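# Overview (structure and organization)
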Amino acid sequence: MGTNGASLYDNDLASDVRADYIHFLRLGNSNEKTTECLIKKYDGILSEEEIPIFWFALADTQWEYGRLLKSVKNKAEYFIRHMNQYEWKTAFYEQKWIHTVEALKERLDSPLPNKKRVKKHQLYESEWNLGDVYAYQFHTENSKTSDAFEKYIIFRVITKAKWWPGHIVPVVQFYKWIGTPIPKIPDISVLPSLELGFYPSALKNHPNYPKEYRAILVCTSEKSIPDQYLSYLGNINGSDLIPFDPSRFYGIPAIGWEKEDCNHHIEEYVLDFYRAWREV
């Protein structure tokens, strides 16, 4: 539990609990369901001294949003009464932390404010079908310095995955081909897939590394799709297609139409791996 002060949200756990509570509400859950989801998420992963912090943060956030449940308040008050049993902070923070907990108790005993309006997440769900094949034309600055500019790469939808905060996005495989004109479906179906997980040197030195041919294609709205640079080519069915499972986690590369903190730019990433693997 990272701590940099003596106020309630000066530690990572309390900040995470607050953010998760708001997130679950924005998904459209009731207050009760949100509380249940939080308890389930943190159950079994907290140390003894972290458990009270969890209840303090949850109670404080519920109070702020006008949704404090009696059961949550009772839990927080229990740990407030027994706070001397826990090694809350270093000696430097001890007195300040006592003031923080006392202020929390006073707040929980005060009248609840009116319920805050919580804006729901606007979640996107990709309408692409499993097996759909698309050609994407390189057109950005990422490809202008290469011979790929205005040429095409082809990808196929293998499955779908959940992307924060609840978008359903395609998981795709790229073919090891860049060029023009765009080939027909029968010719595409025999093309090899492009490795997207490791460079050839890494797999040569570590032959037991698993090869990865899939990537999450991050897309959070219909408007973000660059339709003018995409061409639908048809559908290739196969036993490698995986029905969408919202509980399944894919620890694979994430690429997007734009570069973000959580994903690579599609052109930059694919070109990099294509150059590495085209002669292999």
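Structural notes, computed from the coordinates.

Calculation notes
Residues numbered from 1 in each chain as written. Predicted model: local features only at pLDDT ≥ 70, side-chain atom pairs only at ≥ 80, totals over all residues. Heavy atoms only, no water. Helix = DSSP H or I, 4+ residues; strand = E, 2+ residues; numbered from the N terminus. Buried < 20%, exposed > 50% of the residue type's maximum accessible area, 1.4 Å probe, protein only. Contact = heavy atoms within 4.5 Å. 1 Å grid on protein atoms, 1.4 Å probe; cavity = no way out; pocket = protein on both sides within 12 Å on 5 of 7 lines; lining within 4 Å. Points joined across faces, edges and corners; volume = space filled by probe spheres on them. Nonpolar A, V, L, I, M, F, W, Y, C, P; charged D, E, K, R; others polar. Expected span 1.5 Å × (residues − 1). Arc of directions from axis to C-beta. Pairing = 2+ DSSP bridges. Disulfide = S-S within 2.5 Å. Core = buried A, V, L, I, M, F, W, Y, C linked by side-chain atoms within 4.5 Å.

What follows is about the side chain of E212. Here E212 is to be found in the loop between α8 (200-205) and β4 (214-218). The class of E212 is buried, set by a relative accessible area of 15%. Ignoring anything within four residues of it in the chain, the contact list for E212 reads L194, E195, L196, G197, I252 and P253.

Our focus in this paragraph is the layout of surface pockets. Taken as a whole, the largest pocket spans an internal volume of roughly 390 Å³. As for the largest pocket, its lining consists of 16 residues, and the residues nearest its centre are K162, W163, P246, R248 and F249. Counting residues per element, the lining of the largest pocket draws most heavily on strand β2 (residues 152-163), which supplies 3 residues. Partitioning the lining of the largest pocket into residue classes produces 10 nonpolar, 4 polar and 2 charged.

The end-to-end C-alpha separation of helix α5 (residues 94-109) is 23 Å, in line with the 22 Å expected for 16 residues at 1.5 Å each. What α5 keeps buried is the set W97, T100, V101, L104 and L108. Summarising the axial view, the buried residues of α5 lie within an arc of 95 degrees, below the 170-degree limit, and thus occupy one face. Of the surrounding secondary structure, the elements contacted by the buried residues of α5 are α3 (50-64) and α4 (70-81).

The subject of this paragraph is the pairing of β2. The element β2 is extensively covered by neighbouring structure, given that 11 of its 12 residues are classed as buried. Sheet topology note: the strand β1 (residues 132-137)/β2 ladder contains 5 bridges and is antiparallel. Bridge pairing in β2 places V133 opposite R156. Note: β2 against strand β3 (residues 167-179), 10 bridges, orientation antiparallel. In the strand pairing of β3, I153 is matched with I178.

By the definition in use, this model includes 0 disulfides. Summary of cysteine pairing: C262 is not part of a disulfide, and the nearest cysteine sulfur, belonging to C219, is at 13 Å. Since its relative accessible area comes to 48%, C262 is described here as partly exposed.

Bringing the nonpolar core into the picture now. Taken as a class, soluble globular proteins show a tendency for nonpolar side chains to be buried jointly. In terms of nonpolar packing, the biggest core is built from 30 residues, with F56 and L58 touching the most fellow members. Every element with two or more residues in this core is listed here: α1 (12-26), α2 (31-42), α3, α4 and α5. Top contributing element to this core by residue count: α3, with 8 residues.

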